Amino acid sequence: MAFATDVFVLGLGPQKDRRLTKVSGLPYWPKGRSWPTVDDGSPCQFLAQFCFLDSRGLVGKLPGDILARFVPQDDEEWLWELDQVRFEWLAADVEALIDELPKGVQPYCRSEWYGVLHRAHDYPGAMEQARKLEVDQPYNLPTINGTKIGGIPHAVQSKAKYGVDPKTGLPVRLPEKEGKGTS
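Residues numbered from 1 in each chain as written. Predicted model: local features only at pLDDT ≥ 70, side-chain atom pairs only at ≥ 80, totals over all residues. Heavy atoms only, no water.

Draft legend 1. Main features of the pairing of strand 6 (residues 113-122). Strand direction decides the pairing type here: strand 1 (residues 3-12) and strand 6, joined by ten bridges, are antiparallel. Paired with Ala4 across the strands is His121, a residue of strand 6. Pairing between strand 2 (residues 22-23) and strand 6: two bridges, direction antiparallel. Counted as the bridge partner of Val23 is Trp113 from strand 6. (Pairing = 2+ DSSP bridges. Helix = DSSP H or I, 4+ residues; strand = E, 2+ residues; numbered from the N terminus.)

Listed below in structure tokens is the structure:
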């Protein structure tokens with residue numbers, strides 16, 4: 001069974017189309033919209049955005065076209081305290097965008113990266129065949145490990161099984177068999 005997935009290969013630098021998937025730099029952010037803040041009211045830092053425009057058939061209905069992710073500035077605790085991360089859905093038809101980061105907001109990193117979309121497929125049922133190959137990390141062959149939309153999650157911490165939802169054609173996680181996963 002194959003599950004379509006859109007994988008992002010990252011390139012260095014800004015792109016003209018600010019709607020694209022990217023890390024750091026200037027986000028696709030409307031001029032009239034309030035900038036995200038943390039609980040104490042200080043401004044968040046833009047981390048990344050994911051553009052779903054070319055991947056709609058892989059994910060079902062979403063509340064927007066672009067998902068922007070913001071984190072607290074000068075504080076890496078958000079890596080362990082995910083309630084500090086802000087996610088904002090945006091429509092891709094905004095005409096008036098900000099042309100610089102708000103005062104006091106620093107770029108997440110010195111470099112800006114953009115995502116180039118590549119359509120591929122995950123084949124979770126091929127794990128046994130992959131293990132027979134004489135290659136390093138054969139577990140990376142059936143299921144793509146990377147930044148992607150659609151497909152199935154890479155089995156880094158679980159051995160979840162997936163099937164297909166007959167109504168949508170999208171992958172769904174199958175329930176674990178009784179007696180498994182308890183210790």
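Draft legend 2. Molecular detail of the nonpolar core. Trp29, Trp35, Ile66, Phe70 and Leu90 are the most contacted members of the largest nonpolar core, which totals 17 residues. When sequence neighbours within four positions are dropped, the list of residues in contact with Trp35 reads Pro27, Trp29, Pro43, Cys44, Phe46, Phe70, Ile98, Leu101, Pro102 and Val105. Ranked by size, the runner-up nonpolar core spans five residues in total, among them Leu47, Ala48, Trp78 and Val85. (Core = buried A, V, L, I, M, F, W, Y, C linked by side-chain atoms within 4.5 Å. Buried < 20%, exposed > 50% of the residue type's maximum accessible area, 1.4 Å probe, protein only. Contact = heavy atoms within 4.5 Å.)

Draft legend 3. The sheet that holds strand 5 (residues 86-90), seen in detail. Judged by pairing direction, the sheet is antiparallel, and its seven strands sit side by side in the order 5-4-3-2-6-1-7 without closing on themselves. Two strands in the sheet have a free side with no partner beyond their single neighbour: strand 5 and strand 7 (148-150).

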